[in-house]
There are 2 protein chains.
Amino acid sequence: MDLPERKRQILKAIVENYINTAEPVGSKMIAGAFSQPISSATIRNEMSELEEMGFLEKPHVSAGRVPSYAAYRLYVDELMDSYRMAAGEIERLQAEMRSRLRELDSIMINASRIVSHFTDHTSVSIIDRAGGSSVKKVQLVSIDDMTYAVVLVTENNARNKVLRLPAPLSETEAAVLGRAINAALAENRLPAFAAGLRSIAAPGSGALFLADKVVELVREAQSETHASEVYVDGAGRLLSNREYQDPEKARDLLDYLSDLRKVGGLVRCRTPYVVNIRIGPENGEPRLWDASFVFTAYDIDEQTRGIVGVIGPTRMDYSRTIARLSAIARQLSRLASGENAKYKLKEPGDRHE
Amino acid sequence: MDLPERKRQILKAIVENYINTAEPVGSKMIAGAFSQPISSATIRNEMSELEEMGFLEKPHVSAGRVPSYAAYRLYVDELMDSYRMAAGEIERLQAEMRSRLRELDSIMINASRIVSHFTDHTSVSIIDRAGGSSVKKVQLVSIDDMTYAVVLVTENNARNKVLRLPAPLSETEAAVLGRAINAALAENRLPAFAAGLRSIAAPGSGALFLADKVVELVREAQSETHASEVYVDGAGRLLSNREYQDPEKARDLLDYLSDLRKVGGLVRCRTPYVVNIRIGPENGEPRLWDASFVFTAYDIDEQTRGIVGVIGPTRMDYSRTIARLSAIARQLSRLASGENAKYKLKEPGDRHE
DNA sequence: TTTAGCACTCGGGGGGCGCGAGTGCTAAAA
DNA sequence: TTTTAGCACTCGCGCCCCCCGAGTGCTAAA
């Protein structure tokens, strides 16, 4: 973007002012904010040009100007200073994270809580199994002869699902079935195995039902992020923003956020530790047109990636948010990979797109 | 409550009117609603008596009256007609539930969703392990030699937690440890076993760490409802109510709801299929003073109880909510116990307190 | 005991008004 | 040519005021 230096400075000042005050910015305000004195008339000229270029908008004739989406985009791409967290902030963050994140599988919920708390925005936390979480092992755990827990063991996580069988299955039968399933799984011919079983076993038998379910669960585990792996926290903080004082708007957004599958689908982010920013319409989803979604990924292991992000008004303090998010992501990754960081970590605010 | 019949009718009409309109109710309004003609002056006399008795309040001199908490209490206890769901409604409910609730352990999340959808209120869903969920079996599943999933099998559910060990532990060692733990668990001397292990095993060894963690997890499983077993859905629906148009109030309540532990603590409900109603201050929690919490429990098994409920303004349509909630609870229990209902089920709206 | 009538109360909505922030334009200064 | 000062103009917002009307309590008659 080959915008003359002075226009850039003016635009930057306007965006930052608006971020802080949520009120349209006038020419005098900006004139006062410059080091070398410059008259408000000059600013006005520049501003009306910036408006023609599509960076500013007027809510009405005699109010100041408000940044457009294009302005925010330019701001985060080129104008924004990167914010560095003070030592104290970082310490508080680390302390809080250490105390909360003792177990690996509570990472998601707690990450969400921490992000929301430290950024003062509504947060989203997602587990993303890139290309599927290659199930390594399946364990059938008998609860009673009609009820089994299927434990799927993946790279460094496990999850279980409890199923009720249509017909009883003894523990020894289950053990046999379990071995067969794992053998099939290792050779990657699980669906074939289940199909084969269908011709042998009695229809409606517990073993057949269980085998089918396992195939389904494994497939599910390997495909998309699913709802149980999306978590939203701090929804109430949305309401603190002036733009969501209108209950209609807030309601729309909250409703959207409670559809976790959709929220999970928002994220297409493959490069870890790069902070992604989606401003307004860039999100696709109409209900997010006046919201921004800022998120970043962290590695949990080679197959699994966590994503944390915040949702707030387009007028959010991007540079603070970015700094905090990436600090949190680095910490998370460090904790997830057991302190002995296998992955090269970037400095906060290094890159974003 | 020995209130004369006419006063009861008037109070009932006022409460119902207010539930529908959210606006203070005047004497004429009520006079018109009666079958035998009765003058507004008479109503006014009655109303001012009801006010003295603490059932009505005046927002200001020249508005109508608004029911007090006591009035809602009396209303749900004695005045309210019980609402019966139409056949169509029940069918839709059952269809939706069948399609959503295939797996047992997704009950909580989906129950919440269904309740929110059918009652049009914010819903809460909790798993309550009355007196602890007696862990029947512990399974150690190796992910790699530094990482294990501990699967706790309870009456008819399972949950797992992934732990990273301080030192490696082979799969065969884990199997031995697993057997020992289960033996100890069966005889209810698990803590003693872990303590004994401490004197034999090397400090900092994987086995010791794991054993300690298992003890901790079992204890945790046996104690309180914990955060991962509380789920809130449809938070946005709060904002549809006139009383939460004020973002301040809405924010307070949403913040409260996002503290899941606290929400879990709200519920002290031991009798299943009885709809409990906590009106305003009855909830204890100050942030719920102008909200009502209506909930009911359903049996999952002898040890485990699910709780579903809704949170809304004190002016909520109690009788519809009660009918729907108890229909949902009965369905849930039926599904959870595999259609062959072991528990005697009540009719909807039968009892509540 | 009920009812009609009446004076009184106030909250809320609408209209009018003035303030002030902000703009665009023009003309002079740099 | 660019910057700046000056000025007329616009218009949203807050303020005040006032009136309307729903609703009340009281009193006196049925």
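The sections below set out a description of the structure shown in this document. What you see is a predicted model, and the numbers here were worked out from it, not measured in a lab.

**Overview of empty space enclosed by the protein**
Right, on to step 1. Using the criterion set out here, one finds two cavities of 30 Å³ or more in the structure.
Right, on to step 2. There is about 410 Å³ of room inside the largest cavity.
Right, on to step 3. Along its surface, the largest cavity is lined by 25 residues, and A:V232, A:D233, A:A235, B:V232 and B:A235 are the ones closest to its centre.
Right, on to step 4. Taken together, the elements giving at least two residues each to the lining of the largest cavity come down to β7 (230-233) and α10 (247-258) of chain A together with β7 (230-233) and α10 (247-258) of chain B.
Right, on to step 5. Of the residues that constitute the lining of the largest cavity, the class distribution is 14 nonpolar, six polar and five charged.

**So, the protein's contact with DNA strand D**
Right, on to step 1. Of all residues adjacent to DNA strand D, which total 20 residues, the nearest are A:T42, A:H60, A:S62, B:S27 and B:R65.
Right, on to step 2. Of all atoms in DNA strand D that approach within 4 Å of the protein, 77% are sugar or phosphate atoms.
Right, on to step 3. Contact distances for DNA strand D include 3.3 Å between a base oxygen and a side-chain N or O atom of A:S62.
Right, on to step 4. Between DNA strand D and B:S27 there is a distance of 2.7 Å, counted from a phosphate oxygen to a side-chain nitrogen or oxygen.
Right, on to step 5. Of the residues that constitute the surface near DNA strand D, the class distribution is six nonpolar, nine polar and five charged.

**Some details on the interface of chain A and chain B**
Right, on to step 1. The interface is formed by 45 residues belonging to chain A together with 45 residues belonging to chain B.
Right, on to step 2. Between chain A and chain B, roughly 3,800 Å² of surface is buried when both sides are summed, and carbon and sulfur atoms account for 53% of that area.
Right, on to step 3. Summed over the shared surface of chain A and chain B, the result is two salt bridges.
Right, on to step 4. For A:E171, the salt bridge goes to B:K137, with nearest N and O atoms at 3.2 Å.
Right, on to step 5. At the junction of chain A and chain B, the tally comes to ten residue pairs in polar contact (both at pLDDT 80 or more).
Right, on to step 6. Elements supplying a minimum of two residues to the side of chain A that touches chain B: β4 (137-144), β5 (147-153), β6 (158-164), α9 (206-222), β7 and α10 of chain A.
Right, on to step 7. It is β6(A) that provides the largest number of residues to the side of chain A that touches chain B, a total of seven residues.
Right, on to step 8. Among the residues making up the side of chain A that touches chain B, the classes are represented as 16 nonpolar, eleven polar and 18 charged.

The rules behind the values
Starting from 1, residues in each chain are numbered consecutively following that chain's sequence as written. Chain labels run from A onward and ligand labels from 1 onward, assigned in the order the entries are written. With the structure being a predicted model, the display of local features is reserved for residues of pLDDT at least 70 and the display and counting of side-chain atom pairs for 80 or more, all residues being used for whole-chain, interface and lining totals. Where side-chain values are given, they derive from all heavy atoms of the structure, hydrogens and water being excluded. A pocket here means an open set of points on a 1 Å grid, computed over the protein atoms alone, that has protein on both sides within 12 Å along at least five of seven lines. A cavity is instead a set of points where a 1.4 Å probe fits but cannot get out; residues with an atom within 4 Å of a point line either one. Grid points are joined across faces, edges and corners, and a volume is the space filled by probe spheres set on the points. The secondary structure listing takes helices from DSSP runs of H or I that are at least 4 residues long and strands from runs of E that are at least 2 residues long, numbered from the N terminus. Each residue gets one label: Ala, Val, Leu, Ile, Met, Phe, Trp, Tyr, Cys and Pro are nonpolar, Asp, Glu, Lys and Arg are charged, and the others, such as Gly, are polar. Proximity is defined per residue: any heavy atom of the residue falling within 4 Å of a molecule or strand makes that residue near it. Identification of polar contacts relies on pairs of N or O atoms within 3.5 Å, with a donor-acceptor requirement for protein atoms, meaning one able to donate a hydrogen and the other able to accept it, and with residues adjacent in sequence counted only if both atoms are side-chain atoms. By the convention used here, residues are in contact when the closest approach between their heavy atoms is within 4.5 Å. Buried area: the sum, over both parts, of the accessible surface (1.4 Å probe) that disappears when the two are put together. The term salt bridge refers to a side-chain nitrogen of Lys or Arg lying within 4 Å of a carboxyl oxygen of Asp or Glu.

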